[in-house]
Amino acid sequence: MASFEINADMITEILSHSHVSVIEKSRLLNKEFNERTHSSSFLKLKLQNTNSVSGYFLEYNRCLKAHSTIIRNQENIPHKSEISLDFLPRGRVNVKACDASHRILLCVNDLPFRGRQPEYMICKPTTKQYMIIPKPKTRYFTIALGLVVTGADPLRYKIIRLSHLPSKENRRYNFNFTLLCEVFDSDSFAWKRLSKNVELPAEDIPGVRMSEPVAAYGFLHWLTANNNVLRFCLKTETWSFLTVPENLASDRSLKLTRYKGKLGFFRSRSKEGEDYQEIWVLESSLGNSWVKVKKIKSMGLEPIGFLSNDVVTLAGKDKKFLYNYNMNNGKSRKLQIRSPGFSPNMDASLSYFHLCSDFKRVEFGGRSNGYQQDKSLRFEYEIKK
């Protein structure tokens, strides 16, 4: 009987049809597949085989209202319909967090005309589904939000919220800048306040600028105003700190990213009139050793993040244009913004959220019996054409 050997190309083809959770497991088991499944060729194959779209969700504020659309990375667009958040309830809806690989966004509706506490929503833009979840227990000012999917079928996720304690409470904690942490778990469908607050290092007291969170190694990471990496362990729900290399601690250009599944950061440099970006990664989740792995020309543009291990997205200083830059051949491609209400000349604040999504309905999960419906609190919606 003839033997049949499955080679790496065949496994890559199989993975290109698989759910992202299967792909992530294969990356942990094999270095070769980690490299292969982070390549732009694999991303293109996966988008074709799973009928998915990849791009950046653009959000811009105009006339006291948030507008949104998706900027697609594909040159050949399989779906011509626009993807936006127009299906969400009326109000002042803003995207606050995103799990790029798992297709969902966290949005907050400030409801300025109703005088009510903001509504929190989980949504999948490609299928126009959303679910309003319970409000956080505290009304303190939100400093940072993070969203991480922990299970695929049915969907399971956690939301991490850091808020600013009132000054009276802050005085109890050695005058350091203290943050309160709440976690929403879709399994319990409820928020809980962690017993231990987060005390930022003394040098972070003057400011609390928090970067967009980056998920890696089972942690969610933020970069604080003074380059301290604050990380949250999703399994133990505990906090810890990482430090960047000592000689870079005062560098204001650092920006967290994820590269080949590892936590990393960009560092802006300029030498002999040439602008470029250094890419550093954390070697191990258990260590504190950062390694410089790549240098790329930035052409005066700001890095947004990686689509693959060979393509980085760059933005202009005003963030009104995006370019995909191929680090292998040095070529760049401008991404088209096709939102009807958007103009490069408009004065608007812009935010980008990377999103890769299919067009299949998602089961949000959660315990509906723990959250009663009434006329003002709706549980799950699907907009039907």
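Details of the structure are given in the entry above.
Right, let's walk through the structure included here. Note that the structure is predicted; figures quoted are calculated from it, not measured. (Residues numbered from 1 in each chain as written. Predicted model: local features only at pLDDT ≥ 70, side-chain atom pairs only at ≥ 80, totals over all residues. Heavy atoms only, no water.)

1. A closer look at the pattern of salt bridges
One pass over the structure, following the stated rule, counts 12 salt bridges. Here Arg156 ties to Asp187 by a salt bridge, and the two come within 2.4 Å at their closest N and O atoms. Of this pair, Arg156 sits in strand β8 (residues 156–164) while Asp187 sits in the loop between β9 (178–185) and β10 (190–193), and the two are 31 residues apart along the sequence. Note that Lys192 and Glu237 form a salt bridge whose closest N and O atoms lie 2.7 Å from each other. Separated by 45 residues along the polypeptide, Lys192 in strand β10 and Glu237 in the loop between β14 (228–233) and β15 (239–243) bring together distant segments of the chain. The buried category is assigned to Glu237, whose relative accessible area is 13%. Salt bridges sharing common partners tie together Asp251, Arg267, Arg269, Glu278 and Lys292. (Salt bridge = Lys/Arg side-chain N within 4 Å of Asp/Glu carboxyl O. Helix = DSSP H or I, 4+ residues; strand = E, 2+ residues; numbered from the N terminus. Buried < 20%, exposed > 50% of the residue type's maximum accessible area, 1.4 Å probe, protein only.)

2. Some words on helix α1 (residues 8–15)
Taken together, the buried positions of α1 are Ala8, Thr12 and Leu15. All buried residues of α1 project into a common sector of 60° when viewed along the axis, lining one side. Pointing more than 90 degrees away from the buried face of α1 are the exposed residues Asp9 and Ile14. Of the surrounding secondary structure, the elements contacted by the buried residues of α1 are α2 (20–29), α3 (31–36) and α4 (40–49). (Arc of directions from axis to C-beta. Contact = heavy atoms within 4.5 Å.)

3. What to know about the sheet that holds strand β19 (residues 290–297)
One open sheet holds the 4 strands; their spatial order is β16-β17-β18-β19, and the pairing between them is antiparallel. What marks the edges here is a single partner per strand, and that holds for β16 (255–259) and β19. Recorded for the sheet is a direction-independent mean angle of 35° between the axes of neighbouring strands. Summarising the sheet, strand β17 (residues 262–271) and strand β18 (residues 274–282) pair through 8 bridges and their orientation is antiparallel. Looking at β18, one finds that Arg267 is bridged to Glu278. (Pairing = 2+ DSSP bridges. Axes fitted to C-alpha atoms, helices over the stretch in contact; angles between N-to-C directions.)

4. So, the nonpolar core
Grouped together as the largest cluster of nonpolar side chains are 19 residues, with contacts concentrated most on Leu106, Ile122, Ile133, Leu147, Tyr157 and Ile159. Ile159 has contacts with Leu106, Ile122, Ile133, Leu145, Gly146, Leu147, Glu182, Val183, Phe184 and Trp191, leaving out every residue within four places of it along the chain. By size, the runner-up hydrophobic cluster in this structure holds 18 residues, among which are Ile160, Leu179, Val198 and Leu230. (Core = buried A, V, L, I, M, F, W, Y, C linked by side-chain atoms within 4.5 Å.)

5. Some points on the sheet that holds strand β21 (residues 311–315)
With respect to topology, 4 strands assemble into an open sheet ordered β20-β21-β22-β23, the strand pairing being antiparallel. Each edge of the open sheet is held by one strand with a lone partner, namely β20 (302–306) and β23 (332–335). With direction set aside, neighbouring strand axes in the sheet form an average angle of 30°.

6. Overview of the pairing of β16
Direction of pairing for β16 relative to β17: antiparallel, over a ladder of 5 bridges. Opposite Thr257, over in β17, you have Gly264 as the bridge partner. Hairpin connection of β16 to β17: 2 residues between the antiparallel strands, including Lys260 at a positive phi of 55°.

7. Focus on the environment of Ser250
Looking at the secondary structure, you find Ser250 in the loop between β15 and β16. Taking relative accessible area as the criterion, Ser250 reaches 60% and is therefore assigned exposed. C-alpha separation for the pair Ser250 and Asn226, spaced 24 residues apart in sequence, amounts to 7.1 Å.

8. Some details on the packing of aromatic side chains
Applying the stated criterion to the full structure yields 11 aromatic pairs. Taking 5.5 Å as the distance between ring centres and 55° as the angle between the ring planes, the aromatic pair formed by Phe184 and Trp191 counts as tilted. On the accessibility criterion, Trp191 (3% relative accessible area) is buried. On the basis of an interplanar angle of 55° and a centroid distance of 4.9 Å, the ring pair of Phe232 and Trp239 is categorised as tilted. What makes Phe232 buried here is its relative accessible area of 0%. (Phe/Tyr/Trp six-rings, centres within 6.5 Å; stacked < 30°, edge-to-face > 60°.)

9. Some remarks on the side chain of Thr37
Here Thr37 is to be found in the loop between α3 and α4. In terms of polar contacts, Thr37 uses its side chain to reach the backbone carbonyl oxygen of Phe33, at 2.6 Å. The contact partners of Thr37, leaving out residues within four places of it in the chain, are Leu15, Ile23, Arg27 and Phe42. (Polar contact = N/O pair within 3.5 Å; in protein donor to acceptor, adjacent residues only side chain to side chain.)

10. Side note on α4
Along α4, the positions that sit buried rather than exposed are Phe42, Lys46 and Leu47. All buried residues of α4 project into a common sector of 135° when viewed along the axis, lining one side. Among the exposed residues of α4, those oriented more than 90 degrees off its buried face are Ser41, Lys44 and Gln48. Residue Asn51 follows α4 closely and has a positive phi angle near 50°.

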